[in-house]
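# Fold and contact review
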Amino acid sequence: MKILAVLISFIAGSGMLLDSGSGTTPAAKTATASHSTKAAPVGAVTIIIDKSDYELSVYDEKGWYATYPVVFGNNSLGDKKMEGDKQTPEGTFHITNKKMHEKWHRFMGIDYPTKESWDRFRKRKEKGEIPANASIGGSIGIHGTWPHEDFVIDKFKNWTMGCISMKNPDVAELFSYVPSGTEVTIRR
């Protein structure tokens, strides 16, 4: 029995133990970067947010720069159809503003709704997928969590009204080097 305990400790300590998880949430993730010195990104920066992987990845002129864990609004991870549906919109956007936020640490607004967002919204109304009096919504952005609640990111708990939420240290880091105008692609 003692040998088994030592063997299990060795395997767990060496990272060889595999997570058999239930498959309901992604594997635990932490922010990672392609460099060890935390040098600033080189040249233009782009962001790709992958909803199915719960990841926000940053690319610069050299390629992949960093990846951060994120959460969204609704657990279905569908495209935003209308105001109040708690869905995160999909498409290509740009950061329009950056500000400190009293509740969510930092906030980087994106230009939702875009022309493509409006086109999809109108088609959904025409097909009767959403009510005729529905509004498209707005005020979507990338932001932190409530103070002392970064654990919601670790647990992949979707809680926003359609925004992308990051751990507060991660959103502070991103905020420090991402300028307004940065392209943001959100996909499933």
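Quantities reported herein were computed from a predicted structural model and do not represent experimental measurements.

As a further point, take the overall build of the protein. In terms of regular secondary structure, the protein is built from four helices and nine strands. Relative to its 188 residues, the protein shows a buried fraction of 41%. In the protein, the proportion of contacts linking residues at least 24 apart, taken out of those at least 6 apart, comes to 62%. Carbon and sulfur atoms provide 56% of the accessible area of the protein, an area that totals close to 10,600 Å².

Moving on to the side chain of Asn158. Within the secondary structure layout, Asn158 lies in the loop between helix 3 (151–154) and strand 8 (164–166). On the basis of relative accessible area, Asn158 is assigned to the buried category, the value being 9%. A polar atom in the side chain of Asn158 sits 2.8 Å from the backbone nitrogen of Phe72. Not counting chain neighbours up to four residues away, the residues in contact with Asn158 comprise Tyr54, Val71, Phe72, Gly73, Asn74, Asn75 and Leu77.

With that settled, consider the nonpolar core. Ile47, Ile49, Leu56, Val58, Ile142 and Leu174 are the most contacted members of the largest nonpolar core, which totals 37 residues. The residues contacting Leu174, other than those within four sequence positions of it, are Ile47, Leu56, Val58, Tyr68, Met108, Ile142 and Met166.

Within the secondary structure layout, Tyr65 lies in strand 4 (residues 63–71). Separated by 18 residues in sequence, Tyr65 and Ile47 place their C-alpha atoms 9.9 Å apart. Here Ala39 takes part through its backbone oxygen, which lies 2.5 Å from a polar atom of the side chain of Tyr65.

What follows deals with the side chain of Glu90. Looking at the element boundaries, Glu90 is found in the loop between strand 4 and strand 5 (91–101). Among the polar contacts listed, one links the side chain of Glu90 to the side chain of Lys51, at a separation of 3.0 Å.

With that settled, the discussion passes to the pattern of salt bridges. Within the structure shown, the criterion is met by 10 salt bridges. A single salt-bridge network, built from bridges that share partners, covers Asp79, Arg120, Arg124 and Glu129.

Moving on to the confidence of the model for the protein. Per-residue pLDDT for the protein has a mean of 85; in total, 80% of the residues score no lower than 70. Predicted confidence is poor over residues 1–25, with pLDDT under 50, and the contacts of this stretch with residues over four places away or in other chains come to five contacts.

Next up on the list: the environment of Asn75. Structurally, the position occupied by Asn75 is in the loop between strand 4 and strand 5. Considered as a pair, Asn75 and Phe156 are 81 residues apart in the sequence and their alpha carbons are 9.5 Å apart. A polar contact of 3.0 Å, which involves the side chain of Asn75, links it to the side chain of Asn158.

On to the pairing of strand 9 (residues 183–187). In the sheet, strand 2 (residues 46–50) pairs with strand 9 via five bridges, with the strands oriented parallel. Residue Ile48 lies in a different strand from strand 9, and its bridge partner there is Thr185. Bridge count for strand 5 against strand 9 is four bridges, and the pairing is antiparallel. Considered in strand 9, the bridge of Gly91 is made with Ile186.

What follows deals with the packing of aromatic side chains. For the coordinates displayed, the defined rule picks out seven aromatic pairs. Ring geometry for Tyr54 versus Phe156: centroids 5.2 Å apart, planes at 80°, classification edge-to-face. Of this pair, Tyr54 sits in the loop between strand 2 and strand 3 (55–60) while Phe156 sits in the loop between helix 3 and strand 8, and the two are 102 residues apart along the sequence. Comparing Tyr54 with Phe156, the two get one shared label, buried. Taken together, a centroid distance of 6.4 Å and an interplanar angle of 55° make the contact between Trp104 and Trp159 tilted. Taken as a pair, Trp104 in the loop between strand 5 and strand 6 (105–110) and Trp159 in the loop between helix 3 and strand 8 lie far apart in primary sequence, 55 residues in all.

Parameters at a glance
- Residues numbered from 1 in each chain as written.
- Predicted model: local features only at pLDDT ≥ 70, side-chain atom pairs only at ≥ 80, totals over all residues.
- Heavy atoms only, no water.
- Helix = DSSP H or I, 4+ residues; strand = E, 2+ residues; numbered from the N terminus.
- Buried < 20%, exposed > 50% of the residue type's maximum accessible area, 1.4 Å probe, protein only.
- Contact = heavy atoms within 4.5 Å.
- Areas by Shrake-Rupley, 256 points an atom, 1.4 Å probe, with all protein chains shown as cover.
- Polar contact = N/O pair within 3.5 Å; in protein donor to acceptor, adjacent residues only side chain to side chain.
- Core = buried A, V, L, I, M, F, W, Y, C linked by side-chain atoms within 4.5 Å.
- Salt bridge = Lys/Arg side-chain N within 4 Å of Asp/Glu carboxyl O.
- pLDDT = per-residue confidence, 0-100.
- Pairing = 2+ DSSP bridges.
- Phe/Tyr/Trp six-rings, centres within 6.5 Å; stacked < 30°, edge-to-face > 60°.

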